[in-house]
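Spelled out from the first residue to the last, the chains are:
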Amino acid sequence: MTASASAPDPRQFRASDQDRERVVQILNTAMAEGRLTIDELTERIDSAYHAKTIGELEPITADLPAHQALWPAVPQQPLPLAANDSGISHYGGSAPTISTGLAVLSSREIKGQWTMPSQFTAFAMMGSVEIDLTEANFARGEVTITAIAYWGSVEITVPDDITVICSGLGILGAFEDNAHVRGVPGAPVLRVNGIAIMAGVEIKRAKGKKKELR
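These figures come from a predicted structure and were not determined experimentally. (Residues numbered from 1 in each chain as written. Predicted model: local features only at pLDDT ≥ 70, side-chain atom pairs only at ≥ 80, totals over all residues. Heavy atoms only, no water.)

Colleague: Kindly report on the side chain of Thr53, identifying the contributing residues and their values.
Modeller: Along the chain, the position of Thr53 falls in the loop between α3 (38-50) and α4 (54-57). In contact with Thr53, not counting residues within four places along its chain, are Arg11, Gln12, Phe13, Arg14 and Ala15. (Helix = DSSP H or I, 4+ residues; strand = E, 2+ residues; numbered from the N terminus. Contact = heavy atoms within 4.5 Å.)

Structure, rendered in structure tokens:
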């Protein structure tokens, strides 16, 4: 038996949440560039979240320029525990990593002690996603939330000592950045992008809620 015959087919591997999030990010960018319609975006995102294998994910981006760069994907390793200049610990920790918030005709709430990965995807279609980062750890010094809302809402609450940079788009809806004040030196940077279609995305500060050293 040759080596090529015995090698497993990567397309048969089970897809991870990180694999699905990469696909959703590509779709969101394609929508912003005018390559996909709203209906195509929502249909493909639904297919991505229901995909069980790499082989089921690949065709979703096959007609988009970023497809070749997407496969194979290289996982990112989290940074070790570190403290910022204010003495507040934002990184590392043993809290579980949550990388996706999905609500379709439902609601999803993420709060308490958890680890925010380098890339998080929130998708709300006729539902609501609430993300509370006030007690969360950050896997990296700069993290990104891609928020996609269609006839729904995404609410992001951040502590008052991190920097927030928003580049989202509202179409017949609102993408509101109410947390644009810069945080303390050395604290994480949160980038929020995405789109709100007949929907609302809001980023807000949790006044008086700074992270405690853990």
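Colleague: Lay out the sheet that holds strand β13 (residues 200-205) in plain terms, naming residues and giving numbers.
Modeller: The parallel open sheet is built from five strands, whose spatial order is β2-β5-β8-β13-β11. Every other strand in the sheet has two partners, leaving β2 (107-110) and β11 (174-178) as the edge strands with one partner each. With strand direction ignored, the average angle separating the axes of adjacent strands in the sheet is 5°. Across five bridges, strand β5 (residues 128-132) lies against strand β8 (residues 153-158) in parallel orientation. Each bridged residue has a counterpart across the sheet, and for Asp132 the counterpart in β8 is Thr157. (Pairing = 2+ DSSP bridges. Axes fitted to C-alpha atoms, helices over the stretch in contact; angles between N-to-C directions.)

Colleague: Any chance you could break down the nonpolar core for me, citing the residues and the numbers?
Modeller: With 29 residues, the main nonpolar core has Ile131, Leu133, Val154, Ile156 and Leu190 as its most contacted residues. Secondary structure elements with two or more residues in this core: β4 (119-125), β5, β7 (142-150), β8, β12 (189-197) and β13. For this core, the element with the most residues is β7, which contributes four residues. Leaving out residues up to four positions away in the same chain, Ile131 has contacts with Ile110, Trp114, Phe120, Ala122, Ile145, Val154, Glu155, Ile156 and Thr157. Among the nonpolar cores identified, the runner-up in size contains 23 residues, and Val24, Leu41, Ile148 and Tyr150 belong to it. (Core = buried A, V, L, I, M, F, W, Y, C linked by side-chain atoms within 4.5 Å. Buried < 20%, exposed > 50% of the residue type's maximum accessible area, 1.4 Å probe, protein only.)

Colleague: Could you give an account of the pattern of salt bridges, with specific residues and numbers?
Modeller: Enumeration over the complete set of coordinates arrives at six salt bridges. Where Lys111 meets Glu109, a salt bridge forms, and the shortest distance between an N and an O atom there is 3.6 Å. Under the relative-accessibility criterion, Lys111 is labelled exposed at 52%. Glu109 gets classed as partly exposed once you look at its relative accessible area, which sits at 44%. Lys204 serves as the salt-bridge partner of Glu155, at 3.4 Å between the closest nitrogen and oxygen. Here Glu155 is found in strand β8, whereas its partner Lys204 is found in strand β13, with 49 residues between them in sequence. The class for Glu155 is partly exposed, based on a relative accessible area of 25%. (Salt bridge = Lys/Arg side-chain N within 4 Å of Asp/Glu carboxyl O.)

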